[in-house]
Amino acid sequence: MPKRKDLNSILLIGSGPIVIGQACEFDYAGSQSLRSLREDGIETILINSNPATIMTDPSMADHVYLKPLTTKSIVEILKDHPQIDAVLPTMGGQTALNLCIEADKKGIWEDYGVELIGVDIDAINITEDREQFRELMLKIGVGMAPQATATSFLKGKEIAQEFGFPLVIRASYTLGGAGASIVYKPEDFDEQLSYGLEISPIHEVMIDKALIGWKEYELELLRDKNDNVVIICAIENMDPMGIHTGDSITVAPAMTLSDRTYQKMRDMAIHMMRSIGDFEGGCNVQFAVSPDEKEDIIAIEINPRVSRSSALASKATGYPIAKVATKLAIGYTLDELDNQITKSTSALFEPTLDYVIVKIPRWNFDKFEGSDRTLGLQMKSVGEVMGIGRSFQEALHKATQSLEIKRNGLGADGKGYKDYDQIISKLTIPSWDRVFVIYDAIQIGIPLSRIHEITKIDMWFLKQYEELYILEKEISKYTIATISKELLLEAKQKGFADRQIAHMVDSYESEVYNKRTELNINRVYKLVDTCAAEFKAMTPYYYSTFEAEIEKPDGTRYVENDSIVSDKKKIVVLGSGPNRIGQGIEFDYCCVHGVLAAAECGYETIMINCNPETVSTDFDTADKLYFEPVFWEHIYDIIRHEKPEGVIVQLGGQTALKLAEKLSKYGIRIIGTSFDALDLAEDRGRFSEMLLENDIPFPKYGIAETADEASELADTLDFPLLVRPSYVLGGQGMKIVINKEELEEHVVNLLRKIPNNKLLLDHYLDGAIEAEADAICDGEDVYIIGIMEHIEPCGIHSGDSNATLPPFNLGELVMQQIKDHTKKIALALNTVGLINIQFAIKDEVVYIIEANPRASRTVPFIAKAYKEPYVNYATKVMLGEKKVKDFNFNPQLEGFAIKQPVFSFNKFPNVNKNLGPEMKSTGESILFIDSLKDDEFYNLYARRKMYLSK
């Protein structure tokens, strides 16, 4: 049956600002969903308060409402659009589901005659109410861990007494495991129980007997109205039960599951999905399996919506779950839909993987001083990376190389732990770097049986690690001259980077690269095609690997490569890698717009990125997607293979920018602002000279490389001082110090964390107002796209400040200085493309804090506020297709727009919540106000100095 004729206008609820537990995977899902609806000629109305995402781009929906996610906003939209037939709440994470339930309870959907599609309220209620869910599972014969519900403190104590420890406490109706914990000792129980009851919106917790050491699996399902069900992906958590899946290292396909148990799990998942309600769409089911021969299966939970894992499963298989789930919600059946990748098979076809996927989370504990860094049932990661390889070992290495934490992979970089007690402690208490510590443990001789006993990680995974270490030991016996082709090929097939091999044979990375090129050990590219190459795929979505040569009967040797290079002119866009604080979804927004603009200019577009949550890694955003680490070796090989006109680095945040020097050194053209100009902005000495030449004021500063030098500088600069390392993003390591003791302590700490770094010491302008400007420059003309004034004083990182567009109390003299300085700096830096400049204003004088000739965190916000596609314009300027004067700029904004930061402090209850020069916010929302008399503005302004920390 084709789509329903009675659905002509649909409201989609987005997920709001990014918080830990709900990140840009829902931007990806929502964007796919909107495109899917528009393909069918359905009018789309979107509500989402997040300005940094592609989803809220005016091109994505017919009507985009950047409003707070409240029932009040929903009612306003339904009044404006009486034609809305249905609401789709399954693409916006827990936020959208909770809002949908609240609107249902208030009778809003009924009042306006709006139908709920993609899920039904009963299914949500059954899966969220843990008591109801438990009863249903027992009724249909699905095993559960012993558990009971508590709605009071007293009841919780009674349950604990009955079950005994260890116990798991889970709060109902929360996201990312908020309020969940494992309690090993009775003395910790009261505090955790109180916290769980408090954080649950309905003050209810489920208390389970903890299944410590059991293995954890997830299945992604889709069902249509004819009750056809497909299982898109089976994902195995390498970490056993006890660590939230969002914080676990996960692997697809499942590696250590017997086929018998997998079939049983499939049947259970389908049975569970059918039992919770009669709806069409996606579903995620989590199971625990006992680590013995019996392989008992127990259900953990089911989510009747697109989940965090759906984005991963979509990228892992090439099957666009959100897109298909949307089609099912509007009445299509799976057998009517095409597989989007092959274009020749049906969507009623379960993907087959002929490769391995490894996902590793990315944490940001350094931003939360004093935070509990152990991993448990509450999710703490801020992003993730995915590696694709022909084997688990290759995929694991590629994922670790993608993390951008100054590691080159597992081992072989001299950065591992050597201390026995420290290693045992890190294995015992799950920590963010356990993926590396396992290798260190094997390296210092701890037996696998002991590592297994401590971590409960399946022996199969540990043996894979051991094989890597044995190979490293073998390679270390040779030099670059004596290593054999076979051994070098094996190292590359198992994912070791050239840098790691160089470390083992004591040579330079370039020597290893030259050696393998000479031996014809080159990367080849394989397709992600959903069907293990059984059918031809039409979508160019690639990963790299190394293969042994095949010999033909005539003696010629070759290696099979699926990536055919066209003769079109090409542009590579470097993505921004994993999300982290300071570099989030706003750079993905910029990359996607850069790709689309380059395509409009007639280029074949090539995207390189390793973040499974984003729109940039969707299989049809760019003409070619390379799902690879944004890591020099991988990028260089792709560039040599594709021979593009050049590479765009200024849209992918600091990740892409850091590679500019190497690209420049290797003679690869950087599109837009040159490396020299990028470096001039980062090099404080050169930058200050340029400011002096242009008669532009800046705070007094100095550069120090030791604590003694810093102390001497302090005598000439005067306290308070702002101390920061060079070349960092998101204010990492920045601090305001007010005396020599604080200065020495901070400098010593910084140099320990980031050795050989130059430290910048600026005189901190106490009590100054902070402002920033974004502009587009073509080398001749400068157009300022937006000037923002921060509500908070200078000293709080711009990413943590409420930024007001346009400014609300800067006089004409100050505004003129900002405009003049911006134009002078943009031209002096030879900017071609975007530039962001930050200012401190004191006594009517505008000082320069810093300039970044790249896309900034605020560009998407300005584009949404003024309803103008600035990244599209900037990309065309970078490519030399257009000049600034060719655009007809027409910003439209009545009143003011405020970019409001959103924090995830609830994940770290004991952390100091004071704000300072180091960024701590995980996301942002946009607030439109008509005038400065608005209550919300008044409240923000009244609180502006509350959190300032020195």
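Please refer to the structure placed before this passage.
This section reports on the structure supplied with the text.

Rules used throughout
- Residues numbered from 1 in each chain as written.
- Predicted model: local features only at pLDDT ≥ 70, side-chain atom pairs only at ≥ 80, totals over all residues.
- Heavy atoms only, no water.
- Helix = DSSP H or I, 4+ residues; strand = E, 2+ residues; numbered from the N terminus.
- Buried < 20%, exposed > 50% of the residue type's maximum accessible area, 1.4 Å probe, protein only.
- Patch = residues over 30% accessible without salt bridge, like charges linked within 9 Å, V, L, I, M, F, W, Y side chains within 5 Å.
- Areas by Shrake-Rupley, 256 points an atom, 1.4 Å probe, with all protein chains shown as cover.
- Salt bridge = Lys/Arg side-chain N within 4 Å of Asp/Glu carboxyl O.
- Lys, Arg positive; Asp, Glu negative; His and termini not counted.
- Charge placed at Lys NZ, Arg CZ, Asp CG, Glu CD.
- Phe/Tyr/Trp six-rings, centres within 6.5 Å; stacked < 30°, edge-to-face > 60°.
- Lys NZ or Arg CZ within 6 Å of the ring centre and 35° of its normal.
- Pairing = 2+ DSSP bridges.
- Axes fitted to C-alpha atoms, helices over the stretch in contact; angles between N-to-C directions.
- Contact = heavy atoms within 4.5 Å.

1. Some details on unusual backbone geometry
Peptide bonds are, in most cases, trans, and in most cases residues other than glycine have a negative phi.
In step 1: With an omega dihedral of -10°, the bond running from Ala252 to Pro253 counts as a cis peptide bond.
In step 2: Looking at the element boundaries, Pro253 is found in the loop between β12 (250-252) and α9 (259-276).
In step 3: In this structure, Pro720 follows Phe719 across a cis peptide bond, with omega equal to -5°.
In step 4: Relative to the helices and strands, Pro720 resides in the loop between α26 (707-717) and β26 (721-725).
In step 5: Of note in this structure, Lys456 is not a glycine but carries a positive phi near 65°.
In step 6: Topologically, Lys456 is positioned in the loop between α15 (448-455) and α16 (459-475).
In step 7: A residue is classified by how much of its surface remains accessible, and Lys456, at 36% relative accessible area, is partly exposed.

2. Focus: a positive patch on the surface
In step 1: A contiguous patch of positive charge on the surface is contributed by Arg373, Lys735, Arg752 and Lys753.
In step 2: Among the structural elements, Lys753 can be located in helix α27 (residues 740-753).

3. What about the packing of aromatic side chains?
In this description, a pair of aromatic rings is defined by centroid distance and the angle of the planes.
In step 1: This model, assessed by the stated rule, comprises 23 aromatic pairs.
In step 2: The structure contains a cluster of three or more aromatic residues connected by ring pairs, namely Tyr783, Tyr870, Tyr873, Phe887 and Phe889.
In step 3: A cation over a ring is seen here: Lys569 above Tyr603, with NZ or CZ 4.3 Å from the ring centre.

4. Concerning the sheet that holds strand β7 (residues 167-171)
In step 1: Spatially, β6-β9-β7-β8 is the arrangement adopted by the 4 strands of the open sheet, whose pairing is antiparallel. Edge positions in the sheet fall to β6 (147-150) and β8 (181-183), since each has one partner strand and no second. When the angles between neighbouring strand axes are averaged without regard to direction, this sheet yields 25°.
In step 2: Looking at chain direction, β7 and β8 are connected through 3 bridges and run antiparallel. Pairing of Leu167 across the sheet is with Val183, part of β8.

5. Remarks on the sheet that holds strand β10 (residues 215-223)
In step 1: In space, the 7 strands of this open sheet follow the order β14-β13-β10-β11-β12-β15-β16, with antiparallel pairing throughout. Pairing within the sheet leaves two strands with one partner each, and these edge strands are β14 (297-303) and β16 (383-389). On average, each strand axis in the sheet is inclined to that of its neighbour by 25°, with strand direction left out of account.
In step 2: With 3 bridges connecting them, β12 and strand β15 (residues 356-362) associate as antiparallel partners. Residue pairing in the sheet places Ala252 in a bridge with Ile357 of β15.
In step 3: Taken strand by strand, helix α11 (residues 321-329) contacts β10, β11 (229-237) and β13 (281-289), and its axis lies near 45° from that of β10.

What is shown is where atoms sit, not what they do.
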